[in-house]
Amino acid sequence: MFKMQITDVGNKEEGKVWQRKPAPGNSVLVSVVRTVQQAKTVHFLHVAFDTTGGSFLAGDHHGNIYVFDITRNRFRLVQKTGQACTALAFSLHRPTQFLVALADYSIKCFDTDTKQLVSLMRGHDGAVPSISMHSSGRCAITTSSDTAQVWDLDTFQRKRKLSVKQSVGIQKVFFLPLSNTILSCFSDNSIFAWESDTLICKYQLPVPEHGPRICYKAFAVTCDGKNLAAGGRSNLVQLWCLDTKKLIRVVQMPTEVRTVRQLDFLPDSFDGGANQMLGALSQDGVMRFINVHTCELLFHIGSHEDGITTAAVGPNGRHVVATMDNGRINVYSVASLMQEINNCSKVADTSGADASQDLPSVLVRSEVVKRPVRSSSRKLRRPAAGRGAEDKEWNELPDGLNKERLVTLLKAFGEFPAKYRMFVWQSLLCLPENYAAYSSLTDKGPHSAFLTLPDKYPIKSFKLQKGLQRVLSALAHWAAILGEVEYLPLVAFPFVKLFPNSPLLCFEMVSTVIVNWCQHWFEYFPNPPLNILSMAENVLAHHDVELLQHLVNCEITSQVAKKN
């Protein structure tokens, strides 16, 4: 057992988050507490991550706002508001600014570096428990029980106001990722989508006519903005497809769950935004993370004795920060928590003879996972019927191509015809051509990591130079870790040269290669990928011992090479 580190910030202006490096495998990296005179604990109320996931804001009951930098192991007191906060959010457009909703119903913008008040926004007549930032960082939505207001963060003026009847309260209003769509969820279980610029209603999700009624309280959207999870006063969580506007799955949580208070998808840098892991915080103070496709319990945080009040999931999926019932903040390592995945068990049953009568017909499908019979031995699954149909589906590609024929062609000639090579590989990799997602990345401009790229990697062609900088910046905005990978230009340049006139396809090609074939390169980052290098070393040892010995003599091994 690892002893949990406890850091008392007390009345300090700044300091270290932890005094000693957290031990590997310890799921709780540190527990932060603030005690004042007579050992009285001042409760932390809310937390919020920045865009990188390396830092988070935390506000306590006295109105003190701290920034905890996990990457640099530092914390700073950045503001004393004098009153408790009800919501926090980092600005996406200006990383040093943040918004805080206060107990007097006002919203203030502060700067973490200067500690100065940037702007004061008023207009709510009730507490503001939610702040949603547009992906561009230029707009924000603040929500109270009767009003949602859209703010321009360049002028800090109110752009739009959404009011409802007193009898129908607002549960939550927020921006969908990678779009200009606002989703509004009301206390009568109605969910509407609006165009953010005009507030014209785009669509409404149908209220399920069958099954138990769920009083929605908690919502979460995947990073690609395609799926919505909704829960409330029930142990059921509904999953909606926002493209088809249909309810695609109902997940039943364990019987001890009576109310779902908060939902958050756990991002993965390599899932393309189609998040599969969902965290559900229930009334018992336990946050359970499940796979929404297999309905398996991956891990949980919190307990009946040490319950969670609220939580924030880092946008890079590495950390979860939770405020606890005892007033502390716990910082969890997702990598350590995921080690428990081998001990997972099923927690959901989305169909079955007893449940199918209460669910819409769209949910009663053969691929839905059944609740398994617990047994000490594993049973082999029978091959699914209709395999021939699956093979046919596997072989068929867009635009009439066929994988088997392409394989035959490749074996016969060793390559695809140059005239059609790009078209073939685009079809084989099933590139989505998602212009909206790519535009949201390029709109952020050149990434700071590649501003001096022409000096480090001079290229004669100005067109290729700008294309390389554009693709690298989009990759770094897509996954923050790629902004720190020194060899990324060498990986991306061949694709930039291959797609000089198609920056979108170039970006999707590079990201597809990274997702599918380079996942394990970053497990020891910023150190070299020892696992991959060791495999390469083993291949050399098998095929060319003399070359391996020559490299060893030159001090080039799977370990960090000595620089001459």
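Residues numbered from 1 in each chain as written. Predicted model: local features only at pLDDT ≥ 70, side-chain atom pairs only at ≥ 80, totals over all residues. Heavy atoms only, no water.

A. Looking closely at the sheet that holds strand S27 (residues 297-301). Here we have 4 strands laid out as an open sheet, ordered S24-S25-S26-S27, and antiparallel in their pairing. Taken across any chain shown, the strands that pair with only one partner, and hence form the sheet edges, are strand S24 (260-266) and S27. Sheet twist, expressed as the average angle between the axes of neighbouring strands with direction ignored, equals 20°. Bridging between strand S25 (residues 277-282) and strand S26 (residues 287-291) involves 5 bridges; their strand directions are antiparallel. Looking across to S26, one finds that Gly-279 is bridged to Phe-289. (Pairing = 2+ DSSP bridges. Helix = DSSP H or I, 4+ residues; strand = E, 2+ residues; numbered from the N terminus. Axes fitted to C-alpha atoms, helices over the stretch in contact; angles between N-to-C directions.)

B. A look at the pairing of strand S6 (residues 64-69). For S6, the buried fraction is high: 6 of the 6 residues fall into the buried class. Examined bridge by bridge, strand S5 (residues 55-60) and S6 share 5 bridges and lie antiparallel to one another. Looking at the pairing, Ser-55 lines up with Asp-69 of S6. The hairpin turn running from S5 into S6, its antiparallel successor, is 3 residues long, and Gly-63 in that turn takes a positive phi close to 95°. Two elements, S6 and strand S7 (residues 74-80), share 6 bridges in a ladder whose sense is antiparallel. (Buried < 20%, exposed > 50% of the residue type's maximum accessible area, 1.4 Å probe, protein only.)

C. Region of interest: the nonpolar core. Leu-472, Leu-475, Leu-482, Leu-488, Cys-506, Val-510 and Ile-514 are the most contacted members of the largest nonpolar core, which totals 30 residues. Listing elements by their share of this core, those giving two or more residues are helix H5 (435-442), helix H7 (462-478), helix H8 (488-498) and helix H9 (503-517). Listed in part, the 20 residues of the second largest apolar core include Val-32, Phe-75, Leu-77 and Val-321. (Core = buried A, V, L, I, M, F, W, Y, C linked by side-chain atoms within 4.5 Å.)

D. Up close: H9. For H9, built from 15 residues, the straight-helix expectation of 21 Å at 1.5 Å per residue is met to within 8% by its first-to-last C-alpha distance of 21 Å. Most of H9 sits out of view: 11 of its 15 residues are buried. Of all the positions in H9, only Leu-504, Leu-505, Cys-506, Phe-507, Glu-508, Met-509, Val-510, Ser-511, Thr-512, Ile-514 and Val-515 are classed as buried. Where H9 is buried, its residues contact helix H4 (421-428), H5, H7 and H8. (Expected span 1.5 Å × (residues − 1). Contact = heavy atoms within 4.5 Å.)

E. Focus on the confidence of the model for the protein chain. Scored by pLDDT, the protein chain comes out at a mean of 82, with 86% of its residues at no less than 70. Of the regions scoring below 50 in pLDDT, residues 342-390 engages in 52 contacts with residues more than four places distant in sequence or in other chains. (pLDDT = per-residue confidence, 0-100.)

F. Summary view of unusual backbone geometry. One non-glycine residue, Leu-199, adopts positive backbone phi at about 60°. The residue Leu-199 is located in the loop between strand S18 (191-195) and strand S19 (201-205) in this model. Notably, Cys-295 is not glycine yet its phi reads approximately 60°, a positive angle. Here Cys-295 lies in the loop between S26 and S27. Taking the relative accessible area as the measure of exposure, Cys-295 reaches 1% and is therefore buried.

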